[in-house]
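# Observations on chain architecture
Listed below, chain by chain, are the residues.
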Amino acid sequence: MVNFGLAPITVAKILQTNFMRIDQITFTRFLAAITIVIFHYGDTIFPFSAESIAFIFKQANVGVSYFFILSGYVMILAYGNKNKIDAASYLKNRFARIYPVYLLAIVLFLAYLICRAMTIDYTGLLLNTFVIQSWVPGKALSFNGPGWSLSTEFLFYCSFPFLFNYIYKRYGYKKTALPIILFWLLSQVLLHIVATPDINSGISPKGHDLVYYFPLMHLNEFLIGNLAGSFFMQKLRNKKIRSDIYILLCFIIFILLLKFNHVLILHNGVLAIIFIPIILLFSVNNGIITTLFNKKTFIFLGEISYGIYILQKPVYLWMRYFVKTLAGVTNESVIFYIYFVMLIIVSSLSYLFIETPLREKIKQIPIRTFFKKG
């Protein structure tokens, strides 16, 4: 049995402990979430539309890949000390973490459709409610579109107890490294074979969903994140270096990849080659970037990043309706920046008064009672 050597603490405490110094990673979640919001609603707004940087925001959906990889990484840090994960307790905690705000987004979007007397996709609503929309080609982006990634995350969550208990703990990262890397490589090769420009030019919407949103197509990202977390726990967790310059160098390489890549599909995990080094360098860094990102304001912004991501569509629709239709504002830049501020505010309130309280209440429910009521 491999012991990852971490004291029994929760994810939140991991992110707060000085020894681990992982607070700085929290703010990167905010940066990824905000760029995804700009990708969806602000890529035509200045300064994001400026020719010199527009290519970044037109490809900012790669931030979802970062989320998937980081999720795999953090899971190892959170549970690496345990000899075994209780699957029921683990899944209850994961449910408590993501579902309350996820459901809030669905309710807000449904209320908007009802209020505007718009057609409701009841099949999409049902699939989204049960977080299985990504498994149904053609329905991944139905209803609250950003929710597709949570549907994919549920595959990761359901797989992790088995992976941890019967593979990672039994064989350790050295013996699992090669299979995970090979699976990651195979996933990239398969993706690029299926989604070549010739095929993609005529691919159906359902085929597109199958290639880009189907959960199994993203499992490689979670697994490679697991591997990076195991490597950190075994080799790097006691190290602290000033890695600011290396982080900046990785960021420059990332930007260059976005700028000059015309061959690789960056959405389904290939950017692990740069995201993994960035995450590891952030984890061991004790330089200026860490000092800045460890500020309470930045940590809080990182904590509300999930709300920013999952609430972005309903908040946009409601704000556009109020600002444009009722208030008569027609300038798209003004509408976007009002939306941007309100999304931060709504996500903050959601985090403080819905997400956090409900998470704690759900966690206190005994496992048997929880599943009996479910």
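See the structure above.
Residues numbered from 1 in each chain as written. Predicted model: local features only at pLDDT ≥ 70, side-chain atom pairs only at ≥ 80, totals over all residues. Heavy atoms only, no water.

### A look at the overall build of the protein
The test is simple: Where helices and strands are cited, they refer to DSSP runs of H or I of at least four residues and of E of at least two residues respectively, numbered from the N terminus. Think of it in three bands: with a 1.4 Å probe and only protein chains considered, a residue is buried below 20% of the maximum accessible area for its type, exposed above 50%, and partly exposed in between. Only heavy atoms enter the contact rule, under which two residues are in contact if any of them lie within 4.5 Å. Accessible surface is estimated by sampling points in the Shrake-Rupley manner with a 1.4 Å probe; for residues, cover comes only from the protein chains shown.
Counting secondary structure elements, the protein contains 17 helices and 0 strands. Counting all 374 residues of the protein, 54% fall into the buried class. For the protein, the proportion of contacts with a sequence separation of at least 24, taken over those separated by at least 6, is 80%. Of the roughly 17,700 Å² that the protein leaves accessible, carbon and sulfur atoms contribute 68%.

### Considering the environment of Ile-338
Looking at the element boundaries, Ile-338 is found in helix α16 (residues 332-364). Excluding residues that lie within four positions of it along the chain, Ile-338 makes contacts with Met-319 and Val-323.

### Topic: the packing of helix α4 (residues 63-79) against helix α12 (residues 272-284)
Formally: Note on method: axes are straight lines fitted to C-alpha atoms, helices fitted across the in-contact stretch only, with angles between N-to-C directions ranging 0 to 180 degrees. Between 65 and 115 degrees an angle is taken as roughly perpendicular, under 35 as roughly parallel, over 145 as roughly antiparallel, and anywhere else as oblique. Each crossing gets its handedness from the near helix: less than a right angle anticlockwise from the far helix is left-handed, clockwise is right-handed. The classification used treats Ala, Val, Leu, Ile, Met, Phe, Trp, Tyr, Cys and Pro as nonpolar, Asp, Glu, Lys and Arg as charged, and all other residues, Gly among them, as polar.
Interhelical geometry of α4 versus α12 gives an angle of 50° and a closest axis separation of 10 Å. Regarding the angle of α4 to α12, the classification is oblique. In this structure, α4 meets α12 at a crossing whose hand is right-handed. Of the residues in α12, those touching α4 at Ser-65, Tyr-66, Ile-69, Leu-70 and Tyr-73 are Ala-272, Phe-275, Ile-276, Ile-279, Leu-280 and Ser-283. Here the contact of α4 with α12 is composed, by residue class, of 9 nonpolar, 2 polar and no charged.

### Some thoughts on unusual backbone geometry
In the segment running from Phe-46 into Pro-47, the intervening peptide bond is cis, with an omega of 5°. Summarising the element assignment, Pro-47 is placed in the loop between α2 (23-41) and α3 (54-57). Of note in this structure, Val-131 is not a glycine but carries a positive phi near 55°. When you line up the elements, Val-131 lands in the loop between α6 (122-129) and α7 (148-194). A positive phi is found at Phe-143, a non-glycine position, where the angle reads about 55°. Relative to the helices and strands, Phe-143 resides in the loop between α6 and α7.

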